[in-house]
2 protein chains.
Amino acid sequence: MARKITGPEIERVIHLLARLPGFGPRSARKAGLALIKKRHELLEPLAKALIEAAEKILSCQICGNLDTQSPCNICSDEKRDGALIVVVEDIGDLWALERAEVVAGRYHILGGHLSPLDGIGPEKLNIPSLLARVRSPVIEILLALSSTVEGQSTVHYLREQLAPSGVAVSVLARGVPVGGELDYLDEGTLAAAIKSRRPLA
Amino acid sequence: MARKITGPEIERVIHLLARLPGFGPRSARKAGLALIKKRHELLEPLAKALIEAAEKILSCQICGNLDTQSPCNICSDEKRDGALIVVVEDIGDLWALERAEVVAGRYHILGGHLSPLDGIGPEKLNIPSLLARVRSPVIEILLALSSTVEGQSTVHYLREQLAPSGVAVSVLARGVPVGGELDYLDEGTLAAAIKSRRPLA
(Lines give C-alpha, C1' and ligand atoms only; values in the text may rest on other atoms or scores of the structure.)
Protein backbone atom coordinates (compact mmCIF):
# COMPACT_ATOMS: atom_id res chain seq x y z
CA MET A 1 0.00 0.00 0.00
CA ALA A 2 1.44 3.33 -0.99
CA ARG A 3 -0.23 5.41 1.71
CA LYS A 4 -0.09 4.75 5.41
CA ILE A 5 -3.60 4.15 6.75
CA THR A 6 -2.89 2.72 10.19
CA GLY A 7 -0.12 2.37 12.72
CA PRO A 8 2.53 -0.38 12.52
CA GLU A 9 0.94 -2.47 15.31
CA ILE A 10 -2.34 -2.90 13.39
CA GLU A 11 -0.49 -3.49 10.10
CA ARG A 12 1.50 -6.24 11.79
CA VAL A 13 -1.68 -8.02 12.94
CA ILE A 14 -3.05 -7.85 9.37
CA HIS A 15 0.26 -9.09 7.95
CA LEU A 16 0.26 -12.13 10.26
CA LEU A 17 -3.42 -12.91 9.65
CA ALA A 18 -2.70 -12.94 5.91
CA ARG A 19 -0.39 -15.93 6.48
CA LEU A 20 -3.26 -18.09 7.78
CA PRO A 21 -4.72 -20.61 5.31
CA GLY A 22 -7.96 -19.23 3.86
CA PHE A 23 -6.86 -15.61 4.18
CA GLY A 24 -5.37 -13.32 1.57
CA PRO A 25 -4.16 -9.73 1.98
CA ARG A 26 -7.67 -8.36 1.49
CA SER A 27 -9.63 -10.69 3.75
CA ALA A 28 -6.92 -10.35 6.40
CA ARG A 29 -7.51 -6.59 6.32
CA LYS A 30 -11.26 -7.17 6.85
CA ALA A 31 -10.54 -9.52 9.74
CA GLY A 32 -8.04 -7.08 11.23
CA LEU A 33 -10.64 -4.32 11.09
CA ALA A 34 -13.20 -6.58 12.80
CA LEU A 35 -10.64 -7.29 15.53
CA ILE A 36 -9.80 -3.66 16.28
CA LYS A 37 -13.47 -2.68 16.19
CA LYS A 38 -14.37 -5.46 18.62
CA ARG A 39 -11.40 -4.97 20.88
CA HIS A 40 -12.98 -6.22 24.09
CA GLU A 41 -15.20 -8.95 22.63
CA LEU A 42 -12.78 -10.42 20.09
CA LEU A 43 -9.24 -9.00 19.95
CA GLU A 44 -8.36 -9.34 23.63
CA PRO A 45 -9.98 -12.78 24.10
CA LEU A 46 -8.21 -14.08 20.97
CA ALA A 47 -4.84 -12.76 22.14
CA LYS A 48 -5.38 -14.41 25.54
CA ALA A 49 -6.52 -17.71 24.00
CA LEU A 50 -3.49 -17.79 21.69
CA ILE A 51 -1.09 -17.23 24.58
CA GLU A 52 -2.72 -19.96 26.65
CA ALA A 53 -2.62 -22.37 23.72
CA ALA A 54 1.02 -21.49 22.98
CA GLU A 55 1.97 -22.16 26.59
CA LYS A 56 0.24 -25.53 26.69
CA ILE A 57 0.85 -27.10 23.28
CA LEU A 58 2.67 -30.40 23.60
CA SER A 59 3.60 -33.13 21.16
CA CYS A 60 1.99 -36.39 22.33
CA GLN A 61 4.76 -38.76 23.43
CA ILE A 62 2.83 -41.75 22.08
CA CYS A 63 1.38 -40.76 18.69
CA GLY A 64 2.99 -37.41 17.81
CA ASN A 65 -0.32 -35.48 17.79
CA LEU A 66 -0.28 -31.85 19.01
CA ASP A 67 -2.50 -31.24 22.01
CA THR A 68 -2.49 -29.46 25.36
CA GLN A 69 -1.75 -32.71 27.16
CA SER A 70 0.56 -35.69 26.63
CA PRO A 71 -0.58 -38.42 26.15
CA CYS A 72 -3.04 -36.51 23.97
CA ASN A 73 -6.84 -36.53 24.39
CA ILE A 74 -7.15 -39.36 21.86
CA CYS A 75 -4.36 -41.59 23.24
CA SER A 76 -5.74 -41.19 26.76
CA ASP A 77 -9.36 -41.90 25.72
CA GLU A 78 -10.08 -45.27 27.38
CA LYS A 79 -13.18 -45.82 25.23
CA ARG A 80 -11.14 -46.20 22.05
CA ASP A 81 -10.31 -49.57 20.52
CA GLY A 82 -6.73 -50.43 21.49
CA ALA A 83 -6.49 -53.05 18.73
CA LEU A 84 -6.32 -50.51 15.85
CA ILE A 85 -3.71 -47.87 15.05
CA VAL A 86 -4.39 -45.61 12.07
CA VAL A 87 -1.15 -44.22 10.61
CA VAL A 88 -1.55 -40.75 9.02
CA GLU A 89 0.95 -38.36 7.47
CA ASP A 90 -0.20 -35.22 9.25
CA ILE A 91 -2.34 -33.93 12.12
CA GLY A 92 -4.69 -32.41 9.53
CA ASP A 93 -5.46 -35.96 8.35
CA LEU A 94 -6.20 -37.01 11.93
CA TRP A 95 -8.59 -34.06 12.32
CA ALA A 96 -10.32 -34.94 9.04
CA LEU A 97 -10.87 -38.56 10.12
CA GLU A 98 -12.09 -37.42 13.55
CA ARG A 99 -14.56 -35.00 11.96
CA ALA A 100 -15.97 -37.96 10.02
CA GLU A 101 -16.09 -40.02 13.25
CA VAL A 102 -15.04 -43.15 11.38
CA VAL A 103 -12.05 -44.34 13.44
CA ALA A 104 -12.68 -46.43 16.55
CA GLY A 105 -8.97 -46.85 17.32
CA ARG A 106 -6.08 -44.50 17.93
CA TYR A 107 -3.61 -42.76 15.59
CA HIS A 108 0.05 -42.44 14.79
CA ILE A 109 1.35 -39.27 13.12
CA LEU A 110 4.14 -40.09 10.70
CA GLY A 111 5.08 -36.45 10.14
CA GLY A 112 5.12 -36.70 6.33
CA HIS A 113 5.93 -39.26 3.68
CA LEU A 114 9.14 -40.61 2.14
CA SER A 115 10.44 -38.23 -0.50
CA PRO A 116 14.05 -38.91 -1.55
CA LEU A 117 14.06 -35.85 -3.83
CA ASP A 118 13.31 -33.59 -0.85
CA GLY A 119 15.81 -35.45 1.32
CA ILE A 120 13.09 -37.06 3.44
CA GLY A 121 14.25 -40.60 4.28
CA PRO A 122 12.83 -42.99 6.88
CA GLU A 123 14.96 -41.39 9.60
CA LYS A 124 12.96 -38.14 9.27
CA LEU A 125 9.63 -39.88 10.00
CA ASN A 126 8.19 -41.14 13.31
CA ILE A 127 8.75 -44.79 12.38
CA PRO A 128 10.67 -46.15 15.43
CA SER A 129 7.89 -44.92 17.75
CA LEU A 130 5.33 -46.68 15.53
CA LEU A 131 7.24 -49.97 15.58
CA ALA A 132 7.53 -49.68 19.38
CA ARG A 133 3.72 -49.50 19.64
CA VAL A 134 3.16 -52.79 17.77
CA ARG A 135 2.50 -55.11 20.70
CA SER A 136 -0.60 -56.39 22.53
CA PRO A 137 -3.40 -55.22 22.35
CA VAL A 138 -2.61 -53.84 18.83
CA ILE A 139 -3.70 -56.30 16.10
CA GLU A 140 -4.15 -54.03 13.07
CA ILE A 141 -2.21 -51.12 11.56
CA LEU A 142 -4.22 -49.15 8.98
CA LEU A 143 -1.90 -47.13 6.72
CA ALA A 144 -4.13 -44.15 5.83
CA LEU A 145 -1.57 -42.36 3.65
CA SER A 146 -1.98 -40.20 0.55
CA SER A 147 -2.81 -41.90 -2.71
CA THR A 148 0.28 -40.36 -4.33
CA VAL A 149 3.55 -41.92 -5.50
CA GLU A 150 5.30 -40.78 -2.29
CA GLY A 151 2.44 -41.90 -0.07
CA GLN A 152 2.36 -45.31 -1.68
CA SER A 153 6.12 -45.82 -1.53
CA THR A 154 5.86 -44.98 2.18
CA VAL A 155 3.16 -47.68 2.45
CA HIS A 156 5.51 -50.23 0.87
CA TYR A 157 8.38 -49.26 3.16
CA LEU A 158 6.19 -49.49 6.29
CA ARG A 159 4.79 -52.86 5.19
CA GLU A 160 8.33 -54.25 5.09
CA GLN A 161 9.18 -52.75 8.47
CA LEU A 162 6.00 -54.11 10.05
CA ALA A 163 6.20 -57.60 8.47
CA PRO A 164 8.42 -59.24 11.16
CA SER A 165 5.94 -58.28 13.90
CA GLY A 166 3.16 -60.31 12.27
CA VAL A 167 0.63 -57.46 12.84
CA ALA A 168 -2.21 -57.17 10.29
CA VAL A 169 -1.50 -54.25 7.93
CA SER A 170 -4.32 -52.64 5.91
CA VAL A 171 -4.77 -49.66 3.58
CA LEU A 172 -7.74 -47.46 2.67
CA ALA A 173 -10.13 -48.70 -0.04
CA ARG A 174 -9.91 -47.03 -3.44
CA GLY A 175 -12.90 -46.29 -5.60
CA VAL A 176 -15.49 -43.73 -6.62
CA PRO A 177 -15.90 -41.01 -3.94
CA VAL A 178 -19.41 -40.44 -2.59
CA GLY A 179 -21.12 -37.94 -4.89
CA GLY A 180 -18.45 -38.51 -7.56
CA GLU A 181 -19.47 -38.41 -11.19
CA LEU A 182 -17.72 -40.97 -13.38
CA ASP A 183 -16.85 -38.63 -16.22
CA TYR A 184 -14.91 -36.35 -13.86
CA LEU A 185 -12.80 -39.14 -12.33
CA ASP A 186 -9.26 -39.98 -13.42
CA GLU A 187 -8.42 -43.29 -15.05
CA GLY A 188 -6.50 -44.64 -12.05
CA THR A 189 -9.52 -44.22 -9.78
CA LEU A 190 -11.83 -45.81 -12.37
CA ALA A 191 -9.44 -48.77 -12.81
CA ALA A 192 -9.31 -49.27 -9.02
CA ALA A 193 -13.10 -49.05 -8.75
CA ILE A 194 -13.56 -51.71 -11.47
CA LYS A 195 -10.87 -53.98 -10.04
CA SER A 196 -12.32 -53.82 -6.52
CA ARG A 197 -15.96 -54.11 -7.64
CA ARG A 198 -18.21 -55.96 -5.22
CA PRO A 199 -21.40 -57.98 -5.62
CA LEU A 200 -24.56 -55.94 -5.05
CA ALA A 201 -25.89 -57.06 -1.66
CA MET B 1 -18.30 -32.12 17.46
CA ALA B 2 -19.28 -35.24 19.31
CA ARG B 3 -15.79 -36.44 20.12
CA LYS B 4 -13.08 -34.46 21.81
CA ILE B 5 -10.09 -34.12 19.47
CA THR B 6 -8.08 -31.43 21.23
CA GLY B 7 -7.77 -29.67 24.55
CA PRO B 8 -10.00 -26.72 25.54
CA GLU B 9 -7.28 -24.10 24.90
CA ILE B 10 -6.96 -25.04 21.21
CA GLU B 11 -10.75 -25.35 20.82
CA ARG B 12 -11.11 -21.84 22.24
CA VAL B 13 -8.69 -20.42 19.64
CA ILE B 14 -10.68 -22.13 16.86
CA HIS B 15 -13.96 -20.89 18.32
CA LEU B 16 -12.72 -17.27 18.34
CA LEU B 17 -11.20 -17.49 14.86
CA ALA B 18 -14.59 -18.70 13.57
CA ARG B 19 -16.04 -15.32 14.59
CA LEU B 20 -13.78 -13.42 12.18
CA PRO B 21 -15.35 -12.33 8.88
CA GLY B 22 -14.35 -14.74 6.12
CA PHE B 23 -14.01 -17.72 8.45
CA GLY B 24 -16.52 -20.48 9.16
CA PRO B 25 -16.20 -23.36 11.62
CA ARG B 26 -14.28 -25.47 9.12
CA SER B 27 -11.81 -22.88 7.84
CA ALA B 28 -11.24 -21.69 11.42
CA ARG B 29 -10.22 -25.26 12.29
CA LYS B 30 -7.73 -25.27 9.40
CA ALA B 31 -6.33 -21.92 10.53
CA GLY B 32 -6.14 -23.14 14.14
CA LEU B 33 -4.19 -26.19 13.02
CA ALA B 34 -1.77 -24.00 11.02
CA LEU B 35 -1.26 -21.86 14.13
CA ILE B 36 -0.46 -24.74 16.49
CA LYS B 37 1.80 -26.36 13.91
CA LYS B 38 3.71 -23.11 13.40
CA ARG B 39 3.85 -22.15 17.03
CA HIS B 40 7.07 -20.14 16.93
CA GLU B 41 6.68 -18.64 13.44
CA LEU B 42 2.99 -17.76 13.57
CA LEU B 43 1.08 -18.42 16.81
CA GLU B 44 3.38 -16.60 19.21
CA PRO B 45 4.05 -13.60 16.90
CA LEU B 46 0.30 -13.22 16.28
CA ALA B 47 -0.49 -13.35 20.00
CA LYS B 48 2.16 -10.71 20.67
CA ALA B 49 0.99 -8.49 17.79
CA LEU B 50 -2.62 -8.67 19.00
CA ILE B 51 -1.63 -7.67 22.52
CA GLU B 52 0.44 -4.73 21.27
CA ALA B 53 -2.40 -3.59 19.02
CA ALA B 54 -4.93 -3.95 21.85
CA GLU B 55 -2.79 -1.82 24.13
CA LYS B 56 -2.33 0.94 21.59
CA ILE B 57 -5.67 1.25 19.79
CA LEU B 58 -7.11 4.72 20.17
CA SER B 59 -10.10 6.51 18.72
CA CYS B 60 -8.89 9.59 16.82
CA GLN B 61 -10.08 12.69 18.69
CA ILE B 62 -10.59 14.55 15.41
CA CYS B 63 -12.22 12.13 12.95
CA GLY B 64 -13.22 9.05 15.01
CA ASN B 65 -10.93 6.67 13.10
CA LEU B 66 -9.29 3.82 15.04
CA ASP B 67 -5.50 3.90 15.01
CA THR B 68 -2.55 3.54 17.32
CA GLN B 69 -2.16 7.30 17.61
CA SER B 70 -4.50 10.26 18.09
CA PRO B 71 -4.75 12.35 15.96
CA CYS B 72 -4.65 9.35 13.62
CA ASN B 73 -2.12 8.77 10.83
CA ILE B 74 -4.47 10.38 8.31
CA CYS B 75 -5.45 13.44 10.36
CA SER B 76 -1.79 14.12 11.15
CA ASP B 77 -0.65 13.69 7.53
CA GLU B 78 0.41 17.23 6.56
CA LYS B 79 0.42 16.35 2.85
CA ARG B 80 -3.34 15.92 2.73
CA ASP B 81 -5.67 18.57 1.40
CA GLY B 82 -7.17 20.41 4.38
CA ALA B 83 -9.99 21.83 2.24
CA LEU B 84 -11.86 18.49 1.89
CA ILE B 85 -13.50 16.31 4.53
CA VAL B 86 -15.02 13.00 3.34
CA VAL B 87 -17.77 11.83 5.69
CA VAL B 88 -18.13 8.02 5.85
CA GLU B 89 -20.34 5.75 7.95
CA ASP B 90 -17.67 3.33 9.05
CA ILE B 91 -13.91 2.77 9.26
CA GLY B 92 -14.28 -0.01 6.68
CA ASP B 93 -15.46 2.64 4.19
CA LEU B 94 -12.38 4.77 4.99
CA TRP B 95 -10.11 1.77 4.38
CA ALA B 96 -11.85 1.01 1.08
CA LEU B 97 -11.38 4.61 -0.14
CA GLU B 98 -7.75 4.61 1.02
CA ARG B 99 -7.09 1.33 -0.84
CA ALA B 100 -8.37 3.03 -3.98
CA GLU B 101 -6.15 6.08 -3.24
CA VAL B 102 -8.84 8.45 -4.46
CA VAL B 103 -9.20 10.87 -1.56
CA ALA B 104 -6.80 13.79 -1.29
CA GLY B 105 -8.42 15.17 1.86
CA ARG B 106 -9.18 13.81 5.32
CA TYR B 107 -12.14 11.86 6.74
CA HIS B 108 -14.85 11.99 9.35
CA ILE B 109 -16.30 8.73 10.71
CA LEU B 110 -20.00 9.13 11.42
CA GLY B 111 -20.28 5.80 13.22
CA GLY B 112 -23.33 4.62 11.27
CA HIS B 113 -26.42 6.11 9.67
CA LEU B 114 -29.75 7.40 10.94
CA SER B 115 -32.11 4.50 11.51
CA PRO B 116 -35.19 5.42 13.59
CA LEU B 117 -36.40 1.79 13.59
CA ASP B 118 -33.17 0.69 15.31
CA GLY B 119 -33.29 3.67 17.68
CA ILE B 120 -30.35 5.41 16.00
CA GLY B 121 -31.05 9.15 16.03
CA PRO B 122 -28.64 12.02 15.30
CA GLU B 123 -27.44 11.98 18.93
CA LYS B 124 -25.89 8.52 18.37
CA LEU B 125 -23.72 9.72 15.46
CA ASN B 126 -20.53 11.82 15.51
CA ILE B 127 -22.29 14.89 14.14
CA PRO B 128 -21.28 17.62 16.66
CA SER B 129 -17.59 16.82 16.08
CA LEU B 130 -18.18 17.12 12.31
CA LEU B 131 -19.90 20.52 12.65
CA ALA B 132 -17.03 21.70 14.85
CA ARG B 133 -14.56 20.90 12.05
CA VAL B 134 -16.34 23.07 9.48
CA ARG B 135 -14.11 26.13 9.54
CA SER B 136 -11.11 27.36 7.53
CA PRO B 137 -9.38 25.72 5.67
CA VAL B 138 -12.35 23.34 5.06
CA ILE B 139 -14.31 24.34 1.96
CA GLU B 140 -15.99 21.08 0.94
CA ILE B 141 -17.76 18.25 2.79
CA LEU B 142 -18.24 15.11 0.65
CA LEU B 143 -20.97 12.90 2.11
CA ALA B 144 -19.79 9.42 0.99
CA LEU B 145 -22.65 7.49 2.60
CA SER B 146 -24.43 4.31 1.54
CA SER B 147 -26.83 4.49 -1.36
CA THR B 148 -29.63 3.10 0.85
CA VAL B 149 -32.76 4.71 2.28
CA GLU B 150 -31.04 5.18 5.66
CA GLY B 151 -27.83 6.46 4.10
CA GLN B 152 -29.71 8.96 1.98
CA SER B 153 -31.90 10.21 4.83
CA THR B 154 -28.66 10.75 6.76
CA VAL B 155 -27.40 12.78 3.77
CA HIS B 156 -30.51 14.97 3.91
CA TYR B 157 -30.19 15.48 7.66
CA LEU B 158 -26.50 16.44 7.40
CA ARG B 159 -27.20 18.81 4.51
CA GLU B 160 -29.63 20.74 6.75
CA GLN B 161 -27.17 20.78 9.64
CA LEU B 162 -24.34 21.98 7.40
CA ALA B 163 -26.38 24.60 5.49
CA PRO B 164 -25.89 27.52 7.98
CA SER B 165 -22.10 27.20 7.72
CA GLY B 166 -22.14 27.88 3.98
CA VAL B 167 -19.65 25.06 3.31
CA ALA B 168 -19.94 23.28 -0.07
CA VAL B 169 -21.65 19.90 0.38
CA SER B 170 -21.27 17.14 -2.24
CA VAL B 171 -22.26 13.48 -2.65
CA LEU B 172 -20.81 10.57 -4.64
CA ALA B 173 -21.80 10.23 -8.29
CA ARG B 174 -24.28 7.51 -9.19
CA GLY B 175 -24.09 5.44 -12.34
CA VAL B 176 -22.88 2.26 -13.96
CA PRO B 177 -20.00 0.70 -11.97
CA VAL B 178 -16.76 -0.01 -13.86
CA GLY B 179 -17.10 -3.46 -15.44
CA GLY B 180 -20.86 -3.39 -14.84
CA GLU B 181 -23.12 -5.04 -17.42
CA LEU B 182 -26.36 -3.19 -18.06
CA ASP B 183 -28.66 -6.21 -17.89
CA TYR B 184 -27.48 -7.01 -14.36
CA LEU B 185 -28.05 -3.51 -12.97
CA ASP B 186 -31.13 -2.48 -11.00
CA GLU B 187 -33.57 0.09 -12.36
CA GLY B 188 -32.59 2.78 -9.87
CA THR B 189 -28.96 2.67 -10.99
CA LEU B 190 -29.95 2.70 -14.67
CA ALA B 191 -32.28 5.67 -14.09
CA ALA B 192 -29.47 7.56 -12.31
CA ALA B 193 -27.00 6.75 -15.10
CA ILE B 194 -29.41 8.05 -17.76
CA LYS B 195 -30.32 11.18 -15.79
CA SER B 196 -26.67 12.07 -15.13
CA ARG B 197 -25.47 11.20 -18.65
CA ARG B 198 -22.61 13.33 -19.93
CA PRO B 199 -21.49 14.39 -23.39
CA LEU B 200 -18.80 12.18 -24.86
CA ALA B 201 -15.60 14.21 -24.68
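Residues numbered from 1 in each chain as written. Chains lettered and ligands numbered in written order. Predicted model: local features only at pLDDT ≥ 70, side-chain atom pairs only at ≥ 80, totals over all residues. Heavy atoms only, no water.

A.B. asks: Just checking my understanding: could you explain the pattern of salt bridges for this structure?
C.D. replies: If the charged atoms of two oppositely charged side chains come close together, the side chains can form a pair. Residue and element names in this part refer to chain A. Taken as a whole and judged by the stated rule, the model has 12 salt bridges over all chains. A salt bridge links Glu11 to Arg29; the shortest N-O distance between them is 3.0 Å. With Glu11 in helix H1 (residues 8–17) and Arg29 in helix H2 (residues 25–37), this residue pair connects regions lying 18 residues apart in the sequence. Exposure remark for Glu11: the relative accessible area of 25% places this residue in the partly exposed category. Accessibility expressed as a relative area gives 9% for Arg29, which makes it buried. The closest approach of N and O atoms between Glu44 and Arg39, which form a salt bridge, is 3.3 Å. Judged by its relative accessible area of 30%, Glu44 falls in the partly exposed class. One salt-bridge network, held together by shared partners, links Asp77, Arg80 and Glu98. (Salt bridge = Lys/Arg side-chain N within 4 Å of Asp/Glu carboxyl O. Helix = DSSP H or I, 4+ residues; strand = E, 2+ residues; numbered from the N terminus. Buried < 20%, exposed > 50% of the residue type's maximum accessible area, 1.4 Å probe, protein only.)

A.B. asks: So what exactly am I meant to see when it comes to the packing of aromatic side chains here?
C.D. replies: Aromatic ring pairs are reported here in terms of the distance separating the ring centres and the angle at which the planes meet. A full pass over the atoms with the stated rule returns one aromatic pair over all chains. Lying over the aromatic face of Trp95 of chain B, Arg29 of chain A brings its terminal NZ or CZ to 5.6 Å of the ring centre. (Phe/Tyr/Trp six-rings, centres within 6.5 Å; stacked < 30°, edge-to-face > 60°. Lys NZ or Arg CZ within 6 Å of the ring centre and 35° of its normal.)

A.B. asks: Whenever I open this one, the interface of chain B and chain A confuses me. Can you help?
C.D. replies: Where the parts come together, the accessible area they lose is often given as the size of the interface. Counting residues at the interface gives 59 residues for chain B, matched by 60 residues for chain A. Of the roughly 6000 Å² buried at the junction of chain B and chain A (both faces included), carbon and sulfur atoms supply 69%. Inspection of the region where chain B meets chain A yields four salt bridges. For the salt bridge of Lys56 of chain B with Glu9 of chain A, the shortest nitrogen-to-oxygen distance reads 3.1 Å. (Contact = heavy atoms within 4.5 Å. Buried area = accessible area lost by both parts, 1.4 Å probe.)

A.B. asks: Help me understand the sheet that holds strand S4 (residues 106–109) of chain A, please; the structure alone is not making it clear to me.
C.D. replies: Residues and elements named next belong to chain A. The strand order S4-S3-S5-S6 describes an open sheet built from four strands, whose pairing is parallel. Every interior strand has two partners, whereas the edge strands, S4 and strand S6 (168–171), have only one. Pairs of neighbouring strands in the sheet enclose a mean axial angle of 25°, with direction left out of account. In terms of strand pairing, strand S3 (residues 84–88) meets S4 through four bridges, oriented parallel. Across the sheet, Val88 pairs through a bridge with Ile109, a residue of S4. Lying on the sheet, helix H4 (residues 91–100) is in contact with S3 and S4; it crosses S4 at an angle near 160°. With respect to the sheet, helix H6 (residues 149–162) is in contact with S3, strand S5 (140–143) and S6, its orientation differing from that of S5 by roughly 165°. (Pairing = 2+ DSSP bridges. Axes fitted to C-alpha atoms, helices over the stretch in contact; angles between N-to-C directions.)

A.B. asks: Please explain the domain arrangement of chain A as it appears in this structure.
C.D. replies: According to the domain assignment, chain A consists of domain 1 (8–56) and domain 2 (66–171). Inter-centroid distance (C-alpha atoms) of domain 1 of chain A to domain 2 of chain A is 34 Å. (Domains from an automatic or database assignment.)

A.B. asks: Looking at this structure, I do not really get the pairing of strand S6 (residues 168–171) of chain B. What am I missing?
C.D. replies: In the case of a regular strand, side chains alternate between the two sheet surfaces. All names here are of chain B. Across four bridges, strand S5 (residues 140–143) lies against S6 in parallel orientation. From the neighbouring strand, Leu143 faces S6, where its bridge partner is Val171. A crossover connection joins S5 to the parallel S6 through helix H6 (residues 149–162); in handedness this β-α-β unit is right-handed. (Right-handed = clockwise from strand over helix to strand, strands pointing away.)

A.B. asks: Where do I start with the relation of the copies chain B and chain A in this structure?
C.D. replies: The second copy of the chain is related to the first by a rotation about an axis and a shift along the axis. Take chain B, turn it by 180°, move it 0.0 Å along the axis, and it overlays chain A with an RMSD of 0.0 Å. On the angle and the small slide along the axis, the relation comes out as a two-fold axis. The position closest to the rotation axis in chain B is occupied by the C-alpha of Ala47 of chain B, lying 2.4 Å away. A share of 100% of interface residues in chain B that are also interface residues in chain A marks the association as one of identical surfaces. (Least-squares fit on C-alpha atoms with pLDDT ≥ 70 in both.)

A.B. asks: Hey, could you run me through the sheet that holds strand S3 (residues 84–88) of chain B in this one?
C.D. replies: Residue and element names in this part refer to chain B. The strand order across the open sheet formed by four strands is S4-S3-S5-S6, and the pairing between neighbours is parallel. Among the strands making up the open sheet, the edge pair consists of strand S4 (106–109) and S6. Within the sheet, the average angular offset between the axes of one strand and its neighbour, ignoring direction, is 25°. Together, S3 and S4 form the strand contacts of helix H4 (residues 91–100), whose direction differs from that of S4 by roughly 160°.

A.B. asks: Would you mind showing me how to read the packing of H2 of chain A against helix H3 (residues 39–56) of chain A here?
C.D. replies: In helix packing, the relevant descriptors are the interaxial angle and the interaxial distance, both defined with respect to the helix axes. Residues and elements named next belong to chain A. Following both chains from N to C, one finds H2 and H3 inclined at 110°, their axes separated by 6 Å at the closest point. Judged on the interaxial angle alone, H3 and H2 are roughly perpendicular. The segment H2 lies against H3, with Leu35, Ile36 and Lys37 engaging Arg39, Leu42, Leu43 and Leu46. Of the residues that constitute the contact of H2 with H3, the class distribution is five nonpolar, no polar and two charged. (Parallel < 35°, antiparallel > 145°, perpendicular 65-115°, else oblique. Nonpolar A, V, L, I, M, F, W, Y, C, P; charged D, E, K, R; others polar.)

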